[in-house]
Amino acid sequence: MAPMSTPATAPLLLADTGLPMPDYGGGSIVNLMASLLRARGGEADYPNLRLLPPEAIRDYTNILLLVIDGLGANWLAERSPNGILSRHQLGAITSVFPTTTAAAITTFLTGDAPQQHGITGWFTYFRELGCVMSVLPGHPRYGGVGYRQAGVDLATLLGPRPLASRIRTRAFFLTPAKIAHSDFNLAYLGPAQARPFTDLRDMFRQAGRILRADAGPKYLYLYWPGLDSRGHEAGMASPLAAGHLAAIEEALTDFLVASAGTDTLVLVTADHGLIDTAPADRLDLADHPELAACLSLPLCGEPRAAFCYLRPRRVRAFEDYCQQVLGGHALARPSEELFQLGLFGRGEPHPRLHERIGDYSLLMRGRSVLRDHLPSEKRFVQIGVHGGLSETELLVPLCRFRT
């Protein structure tokens, strides 16, 4: 397994902001999935990944994609420059916008950018349901039952194109047991087999068994959330996060040895990176009643990229407040402008996309976050956060191994 390395190119900049943006032209996780689709006999709407075209993939019997939630490229280079992941890194690629699990994982499950799959953040407004949803857990933001219990057919609601139905290879999706059969995961499963696991080692054990079960070609998707959860809790600068990275690299090393001879291309990437915040970075909408009075819905999207639905007569007041009071913390832009600039993707949009990105977007500057709280929600503090347009959040590694 000879290590390879290609330096990352500088991210494209969002017009008039100086903020980096996803490189949907050949340098993002969407393009990675386009290469995988074409390598396995499928069709894709986006260009191939420059770092890894289909011809570099298609001759392997098996392809295994491991997504480590929260593994930013900059953080990896800083925390484990000589580790197995850094030594086998092809380069850094960009996530999607928003740089968050809900949007990026849906890209891995479909091969589509947010512009096509229409999932725009942890909190997404579904006009057809009449409420803001916590998309991944699958319940209204204020609480209550999930999609299935409410009689909602999520596959019909979301209109997904599962990646497993777009390729000509048997597919296996390995995710933690507590989410493996969630409404969200099942909606995007397609013909793939769901394989729940209990912990990090069990994930790799099950992957090894699938690879050795028979000689037929397979596609395996593995999702590991442990780094992200530790980053939220303790921060990415914490010993907890660093120690967990060491555990991941050790388990990966053992897996590569155990799966030797299976003719498997192992790719490791992430959905986003995280930045750490301090108390001064954390804004609460309750402390800004004039801003809250401009909104017709709770904040949607992410605390680092908030979609704002405005009361028609308060648009000017909203703009003035953002410029005069929040200017040091947030950049307010019409969401339609961000759509036109290609922040969510390219091509024909999801029919509900414009409903799900609000009237204005607040792109948080520096390390700032903006949260609001419904009466039913417990207040909490996350040290590590994501969703915004910093290089730390946007750039993720792409590592390659051969077994």
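Quick caveat: nothing in here was measured; it's all calculated off a predicted structure.

The rules behind these values
- Residues numbered from 1 in each chain as written.
- Predicted model: local features only at pLDDT ≥ 70, side-chain atom pairs only at ≥ 80, totals over all residues.
- Heavy atoms only, no water.
- Buried < 20%, exposed > 50% of the residue type's maximum accessible area, 1.4 Å probe, protein only.
- Helix = DSSP H or I, 4+ residues; strand = E, 2+ residues; numbered from the N terminus.
- Contact = heavy atoms within 4.5 Å.
- Salt bridge = Lys/Arg side-chain N within 4 Å of Asp/Glu carboxyl O.
- Pairing = 2+ DSSP bridges.
- Axes fitted to C-alpha atoms, helices over the stretch in contact; angles between N-to-C directions.
- Parallel < 35°, antiparallel > 145°, perpendicular 65-115°, else oblique.
- Nonpolar A, V, L, I, M, F, W, Y, C, P; charged D, E, K, R; others polar.
- Disulfide = S-S within 2.5 Å.
- Polar contact = N/O pair within 3.5 Å; in protein donor to acceptor, adjacent residues only side chain to side chain.
- Left-handed = near helix turned anticlockwise from the far one by under 90°.

K.L.:
Would you explain helix 1 (residues 29–39) in this entry?
P.N.:
Given 3.6 residues to a turn, an α-helix orients residues that are three or four positions apart in the same direction. When you tally the buried positions in helix 1, you get ten out of eleven residues, the bulk of the element. Every buried residue belonging to helix 1 is among Ile29, Val30, Asn31, Leu32, Met33, Ala34, Ser35, Leu36, Leu37 and Ala39, and all of these are buried. On its buried side, helix 1 packs onto strand 3 (62–68), strand 4 (89–94), helix 4 (101–110), strand 10 (218–224), strand 11 (264–269) and strand 20 (395–402). Just past helix 1, the residue Gly41 takes up positive phi, approximately 80 degrees.

K.L.:
In this structure, what is going on with the pattern of salt bridges? I would like to understand it.
P.N.:
Side-chain pairing between opposite charges can occur once the charged atoms of the two side chains come close. In the structure shown here, the tally under the stated rule is 19 salt bridges. Across the pair Asp254 and Arg201 runs a salt bridge, and its minimum N-O distance is 2.7 Å. Of the two residues, Asp254 is situated in helix 11 (residues 239–258) and Arg201 in helix 9 (residues 200–213); the sequence distance between them amounts to 53 residues. Using a relative accessible area of 38% as the deciding quantity, one classes Asp254 as partly exposed. We classify Arg201 as partly exposed; its relative accessible area is 33%. Between Lys218 and Asp214 there is a salt bridge; the shortest N-O distance is 3.3 Å. Residue classification places Asp214 among the partly exposed residues on the basis of a relative accessible area of 34%. Linked by salt bridges that have partners in common, Asp45, Asp112, Arg161 and Arg166 make up one network.

K.L.:
Looking at this structure, I do not really get the sheet that holds strand 11. What am I missing?
P.N.:
Strand pairing in a sheet relies on backbone hydrogen bonds, with the paired strands running either antiparallel or parallel. With respect to topology, seven strands assemble into an open sheet ordered 4-20-11-3-10-8-9, the strand pairing being mixed. Lying at the two open borders of the sheet, with one neighbouring strand each, are strand 4 and strand 9 (193–197). The average angle at which neighbouring strand axes cross in this sheet is 20 degrees, direction not considered. Where strand 4 lies against strand 20, five bridges are found, and the strand directions are antiparallel. Counted as the bridge partner of Ala92 is Pro397 from strand 20.

K.L.:
Even after reading the chapter, I still don't get the packing of helix 1 against helix 4, so can you show me in this structure?
P.N.:
The packing of two helices is summarised by the inter-axis angle and the distance between the axes. Helix 4 packs onto helix 1 with a crossing angle of 10 degrees between their chain directions and a minimal axis gap of 9 Å. In terms of orientation, helix 1 and helix 4 fall into the roughly parallel class. Contacts between helix 1 and helix 4 involve Ile29, Val30 and Met33 on the former and, on the latter, Ala104, Thr107 and Phe108. A per-class count over the contact of helix 1 with helix 4 returns five nonpolar, one polar and no charged.

K.L.:
Help me out: how do you make sense of the state of the cysteines in this one?
P.N.:
One covalent bond between the sulfur atoms of two cysteine residues makes up a disulfide. For the structure on display, the rule yields zero disulfides. In this structure Cys131 is a free cysteine whose sulfur lies 10.0 Å from that of Cys300, the closest cysteine sulfur available. Of the residues examined, Cys131 reaches a relative accessible area of 15% and is grouped as buried. No disulfide involves Cys308; its sulfur sits 6.6 Å from that of Cys322, the nearest cysteine.

K.L.:
For this particular structure, what's the right way to read the environment of Ala177?
P.N.:
In this structure, Ala177 sits in helix 7 (residues 177–180). C-alpha separation for the pair Ala177 and Ala194, spaced 17 residues apart in sequence, amounts to 9.7 Å. For Ala177, the residues in contact, after removing those within four places along its chain, are Pro196 and Phe197.

K.L.:
I tried to follow the pairing of strand 10 on my own but got confused; where do I start?
P.N.:
Looking down a regular strand, the side chains alternate between one sheet face and the other. The buried fraction of strand 10 is high, at seven of seven residues. Across the two faces of strand 10 the burial is the same, with Lys218, Leu220, Leu222 and Trp224 and Tyr219, Tyr221 and Tyr223 all buried. Two strands pair when backbone bridges link them, and strand 3 and strand 10 are joined in this way by seven bridges, in the parallel orientation. Among the inter-strand pairings, Val67 is bridged to a residue of strand 10, identified as Tyr223. Bridge count between strand 8 (residues 170–176) and strand 10: five bridges; the pairing is parallel. Its bridge partner lying in strand 10, Phe172 is registered against Leu220.

K.L.:
Where do I start with the environment of Thr120 in this structure?
P.N.:
Along the chain, Thr120 falls in the loop between helix 5 (114–117) and strand 5 (123–126). Accessibility expressed as a relative area gives 0% for Thr120, which makes it buried. C-alpha of Thr120 to C-alpha of Ala103: the two residues are 17 residues apart in sequence and 5.6 Å apart in space. Separated by 2.9 Å, the side chain of Thr120 and the backbone oxygen of Arg356 make a polar contact.

K.L.:
Help me understand the packing of helix 9 against helix 11, please; the structure alone is not making it clear to me.
P.N.:
At a minimum axis distance of 10 Å, the contact between helix 9 and helix 11 shows a crossing angle of 20 degrees. Taken together, helix 9 and helix 11 sit at an angle that is classed as roughly parallel. The hand of the helix 9/helix 11 crossing is right-handed. Residue-level inspection shows Leu200, Arg201, Phe204, Ala207, Gly208, Leu211 and Arg212 of helix 9 in contact with helix 11, the latter providing Ala247, Ile248, Glu250, Ala251, Leu252, Asp254, Phe255 and Ala258. Of the residues belonging to the contact of helix 9 with helix 11, the class tally is ten nonpolar, one polar and four charged.

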